[in-house]
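# Remarks on the overall topology
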Amino acid sequence: MGEENKTNSLVTGDDSILIQAKNLSHEFDYKLFENINLNLHKKESIAIIGMSGSGKSTLLNILSSLLEPKSGEVVYNDKNIYSIKKKKLLNIRREDFGIIFQAHYLFRGFSANDNLKIATLLSGNSINEELLKKLNIDFVINQGVGELSGGQQQRLSIARVLMKKPKVIFADEPTGNLDKETAITVMQALNEYIKENDAGMILVTHEHDLAQLCDKVYKLENLELVELK
Ligand SMILES: Nc1ncnc2c1ncn2[C@@H]1O[C@H](COP(=O)(O)OP(=O)(O)O)[C@@H](O)[C@H]1O
Ligand SMILES: [Mg+2]
């Protein structure tokens, strides 16, 4: 019932909400979660933790427009993203959502700089040198993607997503390949981005101390999303 009221806040025009998940349920071979509700506000970062196999990646895929849930809605701009036209959804995914996966889809055989140029050309933005410095990859920008370390590639793919200026970032274990110090730097860069751009972020991680760097922390457990922080 409490969640019903939150739902109504959208109707009455709470424009601080970016993404609203309503009663999400999903299953594959076994039930993963049931009736999950979640609000992401502007300037807010949310971490989702939980055991391997608990359904974190599945939930993130659903929230980020990549997987239709068995039941429930994901509301963005006052509409359930799974009820709008495919083409419109594609545009939202391309222009408004920044999706960061563990397996980064960089164009191999191109330089790091070319990868950024392609992304910025497509979105009409320019390469942000300051961000490259922050992520400590400014000095490898002319190297081929294949010559970069796993951690450098990961930061390059994060830089590429941020240069698109997304309104919502979805990240699945974005710091998975990184040592602790670099992981913290990346978390800081992501958090700074969302605060400066009125954006929001939902990230999945199994590292509890990195999750603590987010404004809110939820745990996916026993089919539910429990707020820890
Ligand atoms: N596309 C799929 N088809 C069938 N089963 C899947 C699919 N994706 C995930 N699963 C299963 O759902 C469960 C949860 O997976 P996942 O969401 O990746 O968990 P987590 O990210 O928390 O480790 C796992 O048992 C996994 O095998
Ligand atoms: Mg996962």
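Residues numbered from 1 in each chain as written. Chains lettered and ligands numbered in written order. Predicted model: local features only at pLDDT ≥ 70, side-chain atom pairs only at ≥ 80, totals over all residues.

## Structural notes on the overall build of the protein
Quick reminder of the rule: Helix and strand definitions follow DSSP, with helices as H or I runs of at least four residues and strands as E runs of at least two, each counted in order from the N terminus. Our radius of gyration is a C-alpha quantity, and the globule rule it is checked against amounts to 2.2 Å times the number of residues to the power 0.38. Using C-beta atoms placed from the backbone, we call a residue buried if 20 or more other C-beta atoms fall within 10 Å of its own, exposed if 12 or fewer do, and partly exposed for counts in between.
Secondary structure summary: the protein contains eight helices and ten strands in total. On C-alpha atoms alone, the protein measures out to a radius of gyration of 17 Å, which is about the 17 Å that the 2.2 N^0.38 rule sets for 229 residues. Each principal axis of the C-alpha atoms in the protein carries an extent, and together these give about 55 × 35 × 35 Å. Across the 229 residues in the protein, those meeting the buried criterion constitute 40%.

## Overview of the sheet that holds strand S6 (residues 97-100)
Applicable threshold: A pair of strands is treated as paired once DSSP finds two or more bridges between them. Angular values range over 0 to 180 degrees, each being the angle between N-to-C directions of two axes fitted as lines to C-alpha atoms, with helices fitted over their stretch in contact. Once C-beta atoms have been placed from the backbone, residue pairs whose C-beta atoms lie within 7 Å are recorded as contacts.
Read across the sheet, six strands follow the order S6-S7-S8-S3-S9-S10 without closing on themselves; strand pairing throughout is mixed. Two strands in the sheet have a free side with no partner beyond their single neighbour: S6 and strand S10 (224-227). Along the sheet, successive strands turn relative to each other by an average axial angle of 20°, direction set aside. Strands in contact with helix H7 (residues 180-196) are strand S3 (45-49), strand S7 (168-172) and strand S8 (200-204); relative to S8, the strand with the most contacts, it is inclined by about 150°.

## Here we look at the nonpolar core
So the rule is basically this: Only buried Ala, Val, Leu, Ile, Met, Phe, Trp, Tyr and Cys residues enter a nonpolar core, and they are joined through C-beta atoms within 7 Å.
In this structure, Ile 48, Leu 63, Ala 159, Ile 169, Phe 170, Met 201 and Ile 202 are the most contacted members of the largest nonpolar core, which totals 61 residues. Contact partners of Ile 48, with chain neighbours within four places excluded, come to Lys 56, Leu 59, Ile 202, Val 204, Tyr 218 and Leu 220.

## What to know about the site of ligand 1
Stated formally: Throughout this description, a residue near a molecule or strand is one whose C-beta atom, derived from the backbone, lies within 6 Å of it. Polarity classes work like this: nonpolar for Ala, Val, Leu, Ile, Met, Phe, Trp, Tyr, Cys and Pro, charged for Asp, Glu, Lys and Arg, and polar for all others, with Gly in that last group.
Around ligand 1 lies a shell formed by Phe 28, Leu 32, Gly 50, Ser 52, Gly 53, Ser 54, Gly 55, Lys 56, Ser 57 and Thr 58. Here the shell around ligand 1 gets three residues from one element, more than from any other, and that element is helix H2 (residues 56-63). Split by residue class, the shell around ligand 1 holds two nonpolar, seven polar and one charged.

## Section: the pairing of strand S4 (residues 71-76)
Each regular strand displays side chains that alternate between the two surfaces of the sheet. Where burial is concerned, the two faces of S4 differ: the one with Gly 72, Val 74 and Tyr 76 is buried and the one with Ser 71, Glu 73 and Val 75 is not. Examined bridge by bridge, strand S1 (residues 17-27) and S4 share five bridges and lie antiparallel to one another. By the bridge assignment, Ala 21 is partnered in S4 with Val 74. Following S4, the chain reverses through two residues before pairing antiparallel with strand S5 (residues 79-80); Asn 77 in that reversal takes a positive phi of roughly 50°.

## A short note on the environment of Ser 157
Tracing the chain through its elements places Ser 157 in helix H6 (residues 150-163). Each C-alpha atom, one on Ser 157 and one on Ser 123, is 15 Å from the other, the two residues being 34 residues apart in sequence.

## Thoughts on the pairing of S3
Within S3, five of the five residues are buried, which leaves the element mostly enclosed by the surrounding structure. The two faces of S3 match: Ser 45, Ala 47 and Ile 49 on one face and Ile 46 and Ile 48 on the other face are all buried. In this structure, S3 lies alongside S8, joined through four bridges in parallel fashion. Opposite Ala 47, over in S8, you have Leu 203 as the bridge partner. As paired elements, S3 and strand S9 (residues 216-221) share four bridges and run parallel to each other. By the bridge assignment, Ile 49 is partnered in S9 with Lys 219.

## Section: the sheet that holds S4
With antiparallel pairing, four strands are arranged side by side in an open sheet as S2-S1-S4-S5. Each edge of the sheet is formed by a strand with only one pairing partner; in this case those strands are strand S2 (31-41) and S5. In this structure, S4 lies alongside S5, joined through two bridges in antiparallel fashion. In the strand pairing of S5, Tyr 76 is matched with Lys 79. On the sheet, H2 packs against S1, S2 and S4 and is oriented at approximately 130° with respect to S1.

## Considering unusual backbone geometry
Even without a glycine there, the phi angle at Asn 77 is positive, about 50°. According to the C-beta neighbour criterion, Asn 77 is exposed, with 12 such atoms within 10 Å. Its identity is not glycine, yet Lys 165 carries a phi of approximately 55°, on the positive side. Look at Lys 165 and you get partly exposed, because 17 C-beta atoms sit within 10 Å.

Structural measurements only, silent on function.
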